[in-house]
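# Structural characterization, general
Read off the chains here:
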Amino acid sequence: MTVAATLRLGCALMMVALCGVDRSAVAADASSAEGAKVFQIDIRNFAFAPKTITVPAGARVVWTNRDEEPHVVTSAGAQFTSSKALDTSDSYGVTFSKQGTYTYYCSIHPMMVGTIIVQ
Amino acid sequence: MQDVHDNPTEGRRQFLKCMAWAGAGTLWLMKSGVLHAQPLGDGTAAAAKDASFSFVQISDSHIGFHKAPNMDVAATLRQSLALINAQANRPAFLLHTGDLTHLSRPDEFDTLAGLMQEAHVGHTFYVPGEHDVIGDNGAEFFRRFGERQQAGGWYSFDQGGVHFVGLINVLNLRAGGLGSLGADQLVWLKNDLAGLSSDTPLVVFAHMPLWPLYPAWGWGTDDSAEALSYLRRFGSVSVLNGHIHQIQQKVEGTITFYTARSTAYPQPAPGVGPGPGPLQSVTADALHRYLGIRDVRHVRGTDALAVTEEVLS
């Protein structure tokens, strides 16, 4: 599992935007700079949407905060690096290279829980 | 048991009255071991006459927030501090019950610290909100605002015969859970209270509510029941919290729970709407109505506390 630099995340997001992919879709089918598939998760109304997502190994998952409140994407059990505080419209991306089930939550609103299943 | 909810349905007279005093803060008056709450700036001189001492609680300043319904949270905090400074009788201290900042950024802490210097009080006690501990488990918060009594950040002190306890319930939160005190803090609390006689008035404060106010929105603390079990033998217990940006009260035996309004922006009533974010629909000229304070008096009955609540009139 690798966690890309912020710069690379920015490029990936720019590509998504330039390709005209609807980023409001729950799981946009797009490609990152390295050719990995990108799956979008919206953070909206204090919930992750979709709450559970199944992705292939090597996929990149990008969370975008659509709330007026900040949120922090945090892995339960520290399986991947947590995000910084995501303000409104901020995004955070993680590439999942290993199969497994990854539970995560918002560290400041811990009732917000989501799951990523990597196959 | 009695639940009193904050309901912004005051009449026009009430609205105009509230417009005259911007900001939010509660003046707490200690009278014969019982805590009385008084809105800042309204008849406080007369009410404070027979109080042994007073302190002021403010909460949820959210420095760094700059969206609807409040584009200038520094200004509304500053207005609250001006009201505190206008008190005829100087409060013994100031209490900030967390969410000083919105994103735990150093510049936000700088701004908050600078603004708080405008308060003419001897000391300000702080507890962190979850917005103050993002990314570093509160290291920066505790470095700047901690009392440095215990490694975990919690603390206690005595003032005028009253025992005050500051608790931390915004760290080590688990997925799917609420606020958390943790085993270490509970052991400390039990020991801290052990030597006190049951007629010692207690004031316990933390950021998140210490009772299950609305768990679906995270408004509660997972292990608060254990903490409350240590408090029940005391004759006068006041539990002060922030976090939910509105007044909610509950009386349970000798324990009175009270949540404070925010100096920054209101949040919806429990379960009203999709989530607990800022009430964006509040217009600028009505904002102060939600940041205002109601008069809450705690009076001792025969063997339990009774609470009456009055709106400003």
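Residues numbered from 1 in each chain as written. Chains lettered and ligands numbered in written order. Predicted model: local features only at pLDDT ≥ 70, side-chain atom pairs only at ≥ 80, totals over all residues.

### Focus: the overall build of chain B
Worth spelling out the cut-off: Numbering goes from the N terminus for both helices and strands, where a helix is a DSSP run of H or I of at least four residues and a strand is a run of E of at least two. The burial label depends on the number of other C-beta atoms within 10 Å of a residue's C-beta. Counts of 20 or more mean buried, 12 or fewer mean exposed, and intermediate counts mean partly exposed, with C-beta atoms placed from the backbone. For the purpose of contact definition, each residue receives a C-beta atom placed from its backbone, and two residues are in contact when these atoms lie within 7 Å.
Counting secondary structure elements, chain B contains eight helices and 14 strands. The burial tally for chain B puts 46% of its 313 residues in the buried class. Within chain B, counting contacts between residues at least 6 apart in sequence, those at least 24 apart form 72% of the total.

### Focus on the sheet that holds strand 8 (residues 100-106) of chain A
Residues and elements named next belong to chain A. What counts here: Strand pairing follows a simple DSSP-based rule, namely that at least 2 bridges must link the two strands. Interaxial angles span 0 to 180 degrees and are taken between N-to-C directions of axes, which are lines fitted to C-alpha atoms, for helices over the stretch in contact.
The strand order across the open sheet formed by four strands is 4-9-8-6, and the pairing between neighbours is mixed. Each of the sheet's edge strands pairs with one partner strand only, and the pair in question is strand 4 (52-55) and strand 6 (73-75). Neighbour to neighbour, the strand axes of the sheet diverge by 30 degrees on average, direction disregarded. Sheet topology places strand 8 next to strand 9 (residues 109-118); seven bridges connect them, and they run antiparallel. Pairing of Y104 across the sheet is with G114, part of strand 9.

### Some words on the nonpolar core
Soluble globular proteins: nonpolar side chains tend toward being buried together. Let me state the cut-off plainly: Residues enter a nonpolar core if they are buried, belong to Ala, Val, Leu, Ile, Met, Phe, Trp, Tyr or Cys, and are joined to the set through C-beta atoms within 7 Å.
Ranked by size, the top nonpolar core spans 86 residues in total, and within it V61 of chain A together with V56, L167, V203, V204 and V239 of chain B carry the most contacts. No other element matches helix 3 (residues 73-85) of chain B, which puts five residues into this core. The contact partners of V56 of chain B, leaving out residues within four places of it in the chain, are G25, T26, L27, W28, I84, P91, L94 and L95 of chain B.

### Notes on the pairing of strand 5 (residues 59-65) of chain A
Residue and element names in this part refer to chain A. The buried count for strand 5 comes to six of seven residues, which makes it a mostly enclosed element. With six bridges connecting them, strand 2 (residues 37-44) and strand 5 associate as parallel partners. By the bridge assignment for strand 5, V38 is matched with R60. As judged from the six bridges shared by strand 5 and strand 7 (residues 91-96), these two strands associate in the antiparallel manner. Bridging from a neighbouring strand, T64 pairs with S91 of strand 7.

### Points about helix 6 (residues 183-194) of chain B
Residue and element names in this part refer to chain B. Rule in force here: An expected span of 1.5 Å times one less than the residue number is assigned to each helix. Directions pointing from the helix axis toward each C-beta atom define the arc.
Taking 1.5 Å per residue as the helical rise, helix 6 with its twelve residues ought to reach 16 Å, and the 17 Å between its terminal C-alpha atoms agrees with that figure. Regarding helix 6, the residues found buried are Q185, W188, L189 and L193. The buried residues of helix 6 all sit within an arc of 125 degrees when viewed along its axis, so they share a single face. When the buried face of helix 6 is taken as reference, the exposed residues oriented beyond 90 degrees from it are A183, V187, N191 and A194. Looking at the buried side of helix 6, the elements it contacts are strand 8 (162-166) and helix 7 (224-231).

### Thoughts on the environment of S32 of chain B
Residue and element names in this part refer to chain B. As for its placement among the helices and strands, S32 is situated in the loop between strand 2 (26-31) and strand 3 (34-39). Under the C-beta neighbour-count criterion, S32 is labelled exposed, with 11 such atoms within 10 Å. Each C-alpha atom of the pair S32 and W154 lies 27 Å from the other, and the pair is 122 residues apart in sequence.

### Details of the confidence of the model for chain B
All names here are of chain B. Here is the rule we go by: Each residue carries a pLDDT value, the predictor's own confidence for that position, ranging from 0 to 100.
Of all residues in chain B, 79% attain a pLDDT of 70 or more, and the chain-wide mean is 82. Least confident of the elements in chain B is strand 14 (residues 305-310), whose mean pLDDT is 31; most confident is helix 6, at 98. Predicted confidence is poor over residues 1-23, with pLDDT under 50, and the contacts of this stretch with residues over four places away or in other chains come to 38 contacts. Interface confidence for the predicted complex, given as ipTM, is 0.75, next to a pTM of 0.81.

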